[in-house]
Amino acid sequence: MMQLDLDVVATRGDIVESRHRVHAVVIDAKGATVASAGDPELVTVWRSCAKPFQVMPFLESKAFDTLGWGDDELALACASHGGEPEHVALAQRMLDAIGLEEGDLVCGPHDPLTRRGARALQQSGESPTRLHNNCSGKHAAMLALARTAGWPTLGYETPCHPVQQGALAQVARWSGVPAARIAQMGDGCGVVAFATPLRAMALAFARLGAAAHRGDDVAQRIVHAMTSRPFLVGGTDRFDTLLMEELEGAVLSKVGAEGVHSVAIPGAGLGVAIKVEDGASRAQHPAVLRALQHLGILSSDLPQQLASFLTTPIINTRGATVGDVHPVS
């Protein structure tokens, strides 16, 4: 087993000013540990890394296909999107298809996560809506499941609702952690979030990738939608989008809040789960890239767009570079 050091530091001049401790584990689909850093048993919250599993009950119900939805809608259901015009329009079309409206989404409005999205919203003279929320696609899909199953749409976000019970069952199935042992709490967007050991998250992504690689229908559809529609999963200049574009679908990358990140490598049957202990988002992208370099998925010579995520300059208010954020090794 490979022992990794994925910690990330912030420098100022020649001094290390801050250090972000990173926990990570690489698991194969049979549950064997390939590599780790820090504590692979650390219990953490999946946050948005759970989205590929939260949409599974909807796909399995066949109602997704009855609506005539395809890869675009599936990718947005799994997305943490940038609130760009294409994302907003697609989320609106998803709601239109089930006869619901923006107000039925329980996710609150927030500013777009990409510069292009923010600029488009500013130029429109409008305020952010719930459709701009990076989780609006997931919520639209959850509402669609409730609507087509004949369940109440009101309260679809609550732990006792069949939509959330179905999502919990999928997380338990793919992670190998019994549902009764999975802690549940409120996510940033209002639905249920799940907590498991980091190892279980990596196993779920390893199993997802391996299942897709051997042609299992639901897993294959999710992986194909996300890797063939990377812009819808993230957006302009978003890390997951650029990584999946660069590797041409060889990996599925999914960001989560508070320094959580998950990657599936279908061809190798591997899953990677990373948690920056202090939750700093500035450390998670360098850690993901360094882990993939250690695994031989990425070379040491990164393309410029990815290299800018590996080492990020720290710029002061005068525009001068005074340090950077980079992996320790």
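**Student:** What is the right way to read the state of the cysteines from this model?
**Tutor:** Disulfides are covalent bonds that link the sulfur atoms of two cysteine residues. Applying the stated criterion across every chain, the model contains zero disulfides. No disulfide involves Cys49; its nearest neighbouring cysteine sulfur is the one of Cys135, lying 11 Å away.

**Student:** So what exactly am I meant to see when it comes to the pairing of strand β12 (residues 312-315) here?
**Tutor:** On a regular strand, each side chain points to the face opposite its neighbour's, so the side chains alternate between the two faces of the sheet. Across four bridges, the pairing between β12 and strand β13 (residues 321-327) is antiparallel. Bridge pairing links Pro313 to Asp324 in β13. Where β12 folds back onto β13 in an antiparallel hairpin, the turn is made up of five residues, including Gly319, whose phi is positive at roughly 85°.

**Student:** Would you mind showing me how to read the packing of aromatic side chains here?
**Tutor:** Any two aromatic rings considered together are summarised by their centre-to-centre distance and by the angle between their planes. Scanning the model with the defined rule gives seven aromatic pairs in all. An angle of 80° between the planes, with centres 5.3 Å apart, marks the rings of Phe53 and Phe205 as edge-to-face. Pair noted here: Phe53 is in helix α1 (residues 51-54) and Phe205 is in helix α9 (residues 198-213), with a separation of 152 residues, a long-range link. In this structure an aromatic cluster arises from ring pairing among Trp46, Phe53, Trp174 and Phe205.

**Student:** What is the right way to look at the side chain of Thr44 in this model?
**Tutor:** You can see Thr44 is positioned in strand β6 (residues 43-45). On the accessibility criterion, Thr44 (7% relative accessible area) is buried. Setting aside chain neighbours within four positions, we find Thr44 in contact with Phe194, Ala195, Thr196, Leu198, Met201, Val260 and Lys275.

**Student:** It is not clear to me how the pattern of salt bridges should be interpreted in this structure. Could you clarify?
**Tutor:** Here the idea is simple: oppositely charged side chains can pair when their charged atoms come close. A full pass over the atoms with the stated rule returns 14 salt bridges. Its salt-bridge partner being Arg173, residue Glu60 comes within 3.3 Å of it at the nearest N-O pair. Taken as a pair, Glu60 in helix α2 (residues 56-60) and Arg173 in helix α8 (residues 162-175) lie far apart in primary sequence, 113 residues in all. Taking the shortest distance from any N to any O, the salt bridge between Arg115 and Asp237 comes out at 3.3 Å.

**Student:** I keep staring at the environment of Leu105 and nothing clicks. Help me out?
**Tutor:** Its location among the elements puts Leu105 in the loop between α5 (85-97) and α6 (115-124). According to the relative accessible area criterion, Leu105 is buried, its value standing at 1%. For the pair Leu105 and Gly155, spaced 50 residues apart in the sequence, the C-alpha separation amounts to 10 Å. In this structure, Leu105 is in contact with Leu95, Arg130, Leu131, Ser136, His139, Ala140, Leu143 and Tyr156, ignoring residues within four places of it in sequence.

**Student:** Would you mind showing me how to read the sheet that holds strand β3 (residues 15-20) here?
**Tutor:** Backbone hydrogen bonds are what pair the strands of a sheet, in a parallel or an antiparallel way. Across the sheet, which stays open at both edges, the four strands sit in the order β3-β2-β13-β12 with antiparallel pairing between neighbours. Among the strands making up the open sheet, the edge pair consists of β3 and β12. Across the sheet, the axes of successive neighbouring strands diverge by a mean angle of 25°, strand direction being ignored. Where strand β2 (residues 8-12) and β3 come together, five bridges link them in antiparallel fashion. Each residue of the ladder has a partner; that of Val8, found in β3, is His20. Along the sheet, helix α13 (residues 281-294) contacts β2, β3 and β13; its crossing angle with β2, the most-contacted strand, is approximately 120°.

**Student:** Would you take a moment to explain unusual backbone geometry for this structure?
**Tutor:** With the exception of glycine, the majority of residues adopt a negative phi angle, and the majority of peptide bonds are in the trans configuration. Here Arg47, not a glycine, exhibits a phi torsion of approximately 50°, which is positive. By the element assignment, Arg47 lies in the loop between β6 and α1. In this model, Glu258 sits at a positive phi of 60°, which is unusual for a non-glycine residue. With respect to the element layout, Glu258 can be found in the loop between β9 (252-256) and β10 (260-265).

Cut-offs and rules
Residues numbered from 1 in each chain as written. Predicted model: local features only at pLDDT ≥ 70, side-chain atom pairs only at ≥ 80, totals over all residues. Heavy atoms only, no water. Disulfide = S-S within 2.5 Å. Pairing = 2+ DSSP bridges. Helix = DSSP H or I, 4+ residues; strand = E, 2+ residues; numbered from the N terminus. Phe/Tyr/Trp six-rings, centres within 6.5 Å; stacked < 30°, edge-to-face > 60°. Buried < 20%, exposed > 50% of the residue type's maximum accessible area, 1.4 Å probe, protein only. Contact = heavy atoms within 4.5 Å. Salt bridge = Lys/Arg side-chain N within 4 Å of Asp/Glu carboxyl O. Axes fitted to C-alpha atoms, helices over the stretch in contact; angles between N-to-C directions.

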